[in-house]
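# Structural features, examined
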Amino acid sequence: MPKASKTADAFAGAVEQALERIADPAWLGERSPLAAPYFLGAALDEGDALTAAGRGHALRRLLQPAATLLDVQTREILDAYFLRAQADLQQRRDRPQPEQVRGHLLPQPGCRH
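These numbers were taken from a predicted model, which means no experiment stands behind them.

Attention shifts here to the overall build of the protein. The number of helices and strands found in the protein is six helices and zero strands. When its helices and strands are written in sequence order, the protein yields α-α-α-α-α-α. A separation of at least 24 residues holds for 46% of the contacts in the protein among residues at least 6 apart in sequence. Looking at the protein as shown, the accessible area adds up to about 8100 Å², and 57% of this sits on carbon and sulfur atoms.

Our focus in this paragraph is a nonpolar patch on the surface. Taken together, the side chains of Phe11, Tyr38 and Phe39 make up a nonpolar region of the molecular surface, amounting to roughly 390 Å² of accessible area. Checked against the element boundaries, phenylalanine 11 lands in helix α1 (residues 3–20).

Here we take up the side chain of serine 32. Checked against the element boundaries, serine 32 lands in the loop between α2 (25–31) and α3 (37–40). Exposure remark for serine 32: the relative accessible area of 7% places this residue in the buried category. With residues near it in sequence (within four places) discarded, serine 32 still touches Ala18, Trp27 and Leu59.

With that out of the way, let us pick up the nonpolar core. Among the nonpolar cores identified, the biggest contains 15 residues, and Ala18, Leu19, Leu28, Leu34, Leu40, Leu59 and Leu63 are the most heavily contacted of them. Counting only elements with at least two residues in this core, the list comes to α1, α2 and α4 (52–66). The contact partners of alanine 18, leaving out residues within four places of it in the chain, are Leu28, Ser32, Leu34, Leu59 and Leu63.

Quick look at the environment of leucine 34 now. Structurally, leucine 34 is set in the loop between α2 and α3. A relative accessible area of 5% places leucine 34 in the buried class. Distance in space between the C-alpha atoms of leucine 34 and leucine 59 is 7.1 Å, their sequence separation being 25 residues.

The next thing to look at is the confidence of the model for the protein. One rule of thumb: low pLDDT means the predicted coordinates there are not for detailed reading. With 66% of its residues at a pLDDT of 70 or more, the protein shows a mean pLDDT of 75. Mean pLDDT values over the elements of the protein span from 46, in helix α6 (residues 98–105), up to 93, in α2. Overall, residues 100–108 carries pLDDT values under 50, and its contacts beyond four positions in sequence, including any with other chains, amount to four contacts.

Throughout the structure, instances matching the rule amount to three salt bridges. In this structure, aspartate 24 and arginine 21 form a salt bridge, with 3.2 Å as the shortest nitrogen-oxygen distance. Judged by relative accessible area, which is 18%, aspartate 24 ranks as buried. According to the relative accessible area criterion, arginine 21 is partly exposed, its value standing at 30%. The residue aspartate 48 makes a salt bridge to arginine 61 at a minimum N-O spacing of 2.5 Å.

Reading the values: the criteria
- Residues numbered from 1 in each chain as written.
- Predicted model: local features only at pLDDT ≥ 70, side-chain atom pairs only at ≥ 80, totals over all residues.
- Heavy atoms only, no water.
- Helix = DSSP H or I, 4+ residues; strand = E, 2+ residues; numbered from the N terminus.
- Contact = heavy atoms within 4.5 Å.
- Areas by Shrake-Rupley, 256 points an atom, 1.4 Å probe, with all protein chains shown as cover.
- Patch = residues over 30% accessible without salt bridge, like charges linked within 9 Å, V, L, I, M, F, W, Y side chains within 5 Å.
- Salt bridge = Lys/Arg side-chain N within 4 Å of Asp/Glu carboxyl O.
- Buried < 20%, exposed > 50% of the residue type's maximum accessible area, 1.4 Å probe, protein only.
- Core = buried A, V, L, I, M, F, W, Y, C linked by side-chain atoms within 4.5 Å.
- pLDDT = per-residue confidence, 0-100.

What follows is the structure, encoded as structure tokens:
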């Protein structure tokens, strides 16, 4: 396989992996090669380069508008599969679990109310 093809495959894989984890800026900043400061360059706001989550947020800011450059059908697939689905997943992760809520609403054993 020619070197250019391997490079293109690696880049496409990195983009796909970043899209799969777009709702997780900390993961993006820690593990995606696309979140490296040399790659993000001017897209980094002051302080973004200092933390993995900051670099992940900067990468998200680049990926989301770039998706608008795709043809309509590809953009709809991307939005449904990666962007919207990952945002829904993140909201579910951020929601308190029933055992977390129960512990705060119900009296604790040995506690008088």
